[in-house]
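Structural features, examined
Chain by chain, the residues:
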Amino acid sequence: MGRILIPLLFAALIQNVGTQRHSGIDKHSDEYRAHHSGIHGGDEGCTNTKLDLVFVLDESSSIWGPDFKAQLQFLSHITEDFRIGPDATQIAVLTFSNRATDHFYLNRYNTAEALQKAIVGIRQQGGGTYTNRALDRMRERYFLAANGGRPGVPKLGIIITDGASRDKALTAAAAAEARAQNITLVAIGVGANIGREELNLIASERKGKPGDKYTYTVENYEALDSIRVELSKVTCEEPAKWSPWTPYSTCSKTCGDGSQTRTRTCPKPGKCPGAAEQTRPCNLRPCRSKSNISKEQERVSVDYLQLSDTPVDTIRNKVLASWTAWSEWTECSVTCDTGQTTRSRDCRNGVPSTDCLGDSIEVGNCSKRLCETAWWTQWSQFGSCSATCGDGVRARRRDCHGGIAGINCTGPSWDEQKCNEKICAVWSGWGPYGSCSVTCGRGEALGTRKCIGGSSPQDCRGPDRRARPCKRQSCPEWTQWSHFSQCSVTCGNGERSRVRTCIGGEAGYSCRGDATEYIECNQRPCATWSQWGEYSSCSVSCGKGLKVRKRKCVYGRIGSDCRGEDRQQKSCQAGSCEIHAEDLRVGMGPLCPDGISSDGTCITPAVESNLSDQSPCNTQQCNIWGEWSSLRSCSVTCGNGTQSRTRVCEDIENNVQCSIRQTDVRSCNEGACPAWTAWTPYGACSVTCGSGTQVRSRRCEEGVPGVDCPGSERESRPCNLGSCRVPAFWGEWKDTECSVTCGAGILLQVRECVGGSPGVDCAGSGEKTKLCVLKSCPAWGLWGKWGACSKTCGGGEQRRYRSCENGEPGQDCIGSTVDKRPCNSNDCPSWGEWSPYSTCSATCGGGLKNRFRACQGGGVPGVDCLGPATESVACNEEQCPYWSPWTLYEACSRTCGGGVKTRTRVCIGGVAGVDCPGPETDSADCNTRACRKWTR
């Protein structure tokens, strides 16, 4: 058996050494471009390639409309590189944003013209970048036989995207599942927002080039055509195939470990995985020749042959030490799992390790059935919940220590429990738009929605209200005011007015306010004379005098505002006067200017009749009074002041002024000072409904408003006697959209406050909610049972499946139809280390020595651990000790009369009688004839 196993193991080792691994090449290097530009050098193209090709296009909102069209144009161009049809290449297209959208399957179009027309007709949807949903959709549907998938035909998915996906982990998992179903994925990134790391998570490795993946990047969508040739090569790329192996060559040796080789060729050098040459051992038996006699044998032979002086008996009595045969193996040290067993031997005629080389005890491994003492470890902590709301799941695990889960340890190794089962906050449907914010002109109408299941609108992303512009008929409006008219009077409370017109409506109703506006003007009282006062007493106490009366110019100035005199005088007679001469001194002419002197006495006309004798006197011209000066300003502006004027006595005769000056003082501004009166009560409202004004007034007594009395003499305030329109009222309740598209939800009912504002003109609320029940929602069915583990040890995988009831997976039911979990994570049974080789079974002539190994981990050799549990190699193949040829007979011991002659031989490589059976000497009679005797 050992001679059969050795070449097999050696051949496997040679094959592993000869297998080369290709390292990845930087896709941006010149080496990469040169390498890939030559992939199909000299090829005729791939128009005859059978291929099922699905394009997966990003249509998220981050892509500008013209860029999306450029992407479609690129697709249209690249289809020209294929022969389209059911026996050639089939092409399908799906797009993705928030969801994956089917456009057409593989078996939809069989001509390039129809295919290109369908591609340019694709419309962009917009939304987020959920790449994982598109990958799941492609894997689950697009390669099905019903949709054109063909068994045995290569499956290729080309993903074009411009941004990082929303969830890299889900994208990587979806890509891995697709690759596991033998779908080759090519990832193309456009622009700077897509990272090469994510492209590598999606793309497949090039065949035979670990680490080198099908990824490409371009600066923009216009540059997609720059990789068209390279991408066409990728779609055509098929692994090159080796030619059949040649027969093995003749063994290099006839004995003593020779080797044989065989070869194969690759039509495309460097494209075929594996080695081009294999070598295996042959003719392992040792060569039987003198050259193979061990040095020890040669030494013994030589030593023996050199013992010509050593007595034969000494050599015969020499006994060498040697091992006895091995004992039987002892019982295994354990009754289950892997234990040890031993065997022993004795050093005959010697001391172990001194006279006998090797070990006296040999230890081997022994395998028994699996122990039944396996147990579960403690449960791990629960992991994080798979969702923050809406029925998440968290899991924990345990291991079967010392056994295999499901065999030695009963029960599950994984435990799941639901978490975060609260309903996710979700927006209700939008309610209908409310009334326009205005009754005419441009305004806004508001629509609202409610965050159901959340404590506030912030729990639902997005606004809770939206607005749209609304426009009604043009509003009635006033024209511009005309100019104010002239004041109706110059004084005494006049009015000025201006007017405007209500266009498109009725003044006071459609156009709020008055069509005519009045303002007071010239409110000061008109200047007027007061009544004449009483005449004063006579200006003289005797004789003829004057009486004077006065009047005032009220609210004005004499001469400018009040025309006429402010005083009147009349003569008065106060009786006869007695004048004494001493009182009529010269120079007092002005006191009696018309007097006539008689005996030194001045006689006035009043007393003229009493004079009996008259004669002219003082005939010189009398002095006269000059003109009065202008009146000085009043000493006060109001409240009884005085003003004065003066005149001077003029000497007419001498044309000089007298030394006498006369002053006239009179009262002025005798009335009270100007002051506002108290305000009058507010008058009636200017309108009987709607918004009007009330006015009150005051007067500036003894003055001019705005001049003598600061401030306004009129004051107004708004007054509102209620709306002129019909009283507001609630309209009918109207249902908005249900918060869900299926199942039970909530809808908002709204009503409009017609002709007013809710809460102001209409009492109560304009909103309320009620339950709405629609058709059953698409929902995942229950998970099926877990399938068998893909491996019995070393970390396998279990799968279970579910179906989307009332909908389509990936479109109506978010998530995957398959669930996975690890299983049988215990280490696989494996061979232990080989034991040391045992002692050779023969000391010469070709024996075997064995070594052993145990199947660890509770496995059964030949079942769980493939390969032999024992291995044997040849040993001690040198010849065993043997007799040398007989020497020639020695001389006969007697020359006659019956002597003995002897011959000998040597036990080469051993001890005579021990290693070489039989005698060392051989005797024969000789010279048996009778001896001659002397006769007497």
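A brief report on the enclosed structure follows.

Analysis parameters
Residues numbered from 1 in each chain as written. Predicted model: local features only at pLDDT ≥ 70, side-chain atom pairs only at ≥ 80, totals over all residues. Heavy atoms only, no water. Helix = DSSP H or I, 4+ residues; strand = E, 2+ residues; numbered from the N terminus. Buried < 20%, exposed > 50% of the residue type's maximum accessible area, 1.4 Å probe, protein only. Contact = heavy atoms within 4.5 Å. Core = buried A, V, L, I, M, F, W, Y, C linked by side-chain atoms within 4.5 Å. Arc of directions from axis to C-beta. Axes fitted to C-alpha atoms, helices over the stretch in contact; angles between N-to-C directions. Parallel < 35°, antiparallel > 145°, perpendicular 65-115°, else oblique. Left-handed = near helix turned anticlockwise from the far one by under 90°. Nonpolar A, V, L, I, M, F, W, Y, C, P; charged D, E, K, R; others polar. Salt bridge = Lys/Arg side-chain N within 4 Å of Asp/Glu carboxyl O. Phe/Tyr/Trp six-rings, centres within 6.5 Å; stacked < 30°, edge-to-face > 60°. Lys NZ or Arg CZ within 6 Å of the ring centre and 35° of its normal.

All right, on to the overall build of the chain then. The helix and strand inventory of the chain stands at ten helices and 54 strands. Out of the 936 residues in the chain, the part that is buried amounts to 32%. Considering only intrachain contacts with a sequence separation of at least 6, the fraction spanning at least 24 residues in the chain is 62%.

Quick look at the nonpolar core now. Residues F55, I158, I160 and I188 are the most contacted members of the largest nonpolar core, which totals 34 residues. Those elements that provide at least two residues to this core are strand 1 (51-58), helix 3 (65-78), strand 2 (89-96), helix 4 (112-120), strand 4 (155-161), strand 5 (183-190) and strand 6 (215-218). The element that contributes the greatest number of residues to this core is helix 3, accounting for six residues. Setting aside residues no more than four positions away along its own chain, F55 makes contact with L75, I78, I91, A92, V93, L94 and I158. By size, the runner-up hydrophobic cluster in this structure holds 22 residues, among which are A134, A174, I202 and A203.

Take helix 4 next. Every buried residue belonging to helix 4 is among L115, Q116, A118 and I119, and all of these are buried. Buried positions in helix 4, seen along its axis, are confined to an arc of 160 degrees and lie on one side of it. Across helix 4 from its buried face, at more than 90 degrees, point the exposed residues E113 and K117. Where the residues of helix 4 are buried, they touch helix 3, strand 2 and strand 3 (100-104).

Time to look at the environment of C562. When you line up the elements, C562 lands in the loop between strand 27 (553-554) and strand 28 (567-573). Those residues in contact with C562 that sit more than four places away from it in its chain are A527, T528, W529, C553, V554 and R557.

Here the focus is the packing of helix 5 (residues 131-142) against helix 6 (residues 168-180). Two elements in contact, helix 5 and helix 6, have axes whose closest approach is 8 Å; the angle formed by their N-to-C orientations is 15 degrees. Regarding the angle of helix 5 to helix 6, the classification is roughly parallel. Considering how the two elements wind past one another, helix 5 and helix 6 form a crossing that is left-handed. Along the contact surface, helix 5 presents T131, N132, L135, D136, M138 and R139, while helix 6 presents L170, T171, A174, A175, E177 and A178. Residue classes in the contact of helix 5 with helix 6 are distributed as six nonpolar, three polar and three charged.

Looking now at the pattern of salt bridges. Per the stated rule, a full pass over the model turns up 22 salt bridges. Residues E140 and R139 are paired through a salt bridge, measuring 3.6 Å at the closest nitrogen-oxygen approach. The class of R139 is buried, set by a relative accessible area of 8%. Among the ionic pairs, R799 bridges to E797, the shortest N-O distance being 3.0 Å. Look at the salt bridges and you will find they share partners, linking D136, R139, E140, E177 and K820 into a network.

With that settled, the discussion passes to the packing of aromatic side chains. All told, the structure shown has three aromatic pairs when counted by the stated rule. Ring geometry for F104 versus Y109: centroids 5.0 Å apart, planes at 85 degrees, classification edge-to-face. Side by side, F104 and Y109 carry an identical accessibility label, which is buried. Directly above the aromatic system of Y682 lies the positively charged group of R717, at a separation of 3.9 Å from the ring centroid.

Turning our eyes to something else, we now look at unusual backbone geometry. Positive phi, close to 65 degrees, is recorded for N806, a residue that is not glycine. Structurally, the position occupied by N806 is in the loop between strand 45 (804-805) and strand 46 (818-823). Its identity as a non-glycine residue notwithstanding, N876 has a phi of 45 degrees, on the positive side. Along the polypeptide, N876 turns up in the loop between strand 50 (870-875) and strand 51 (882-883). Judged by its relative accessible area of 28%, N876 falls in the partly exposed class.

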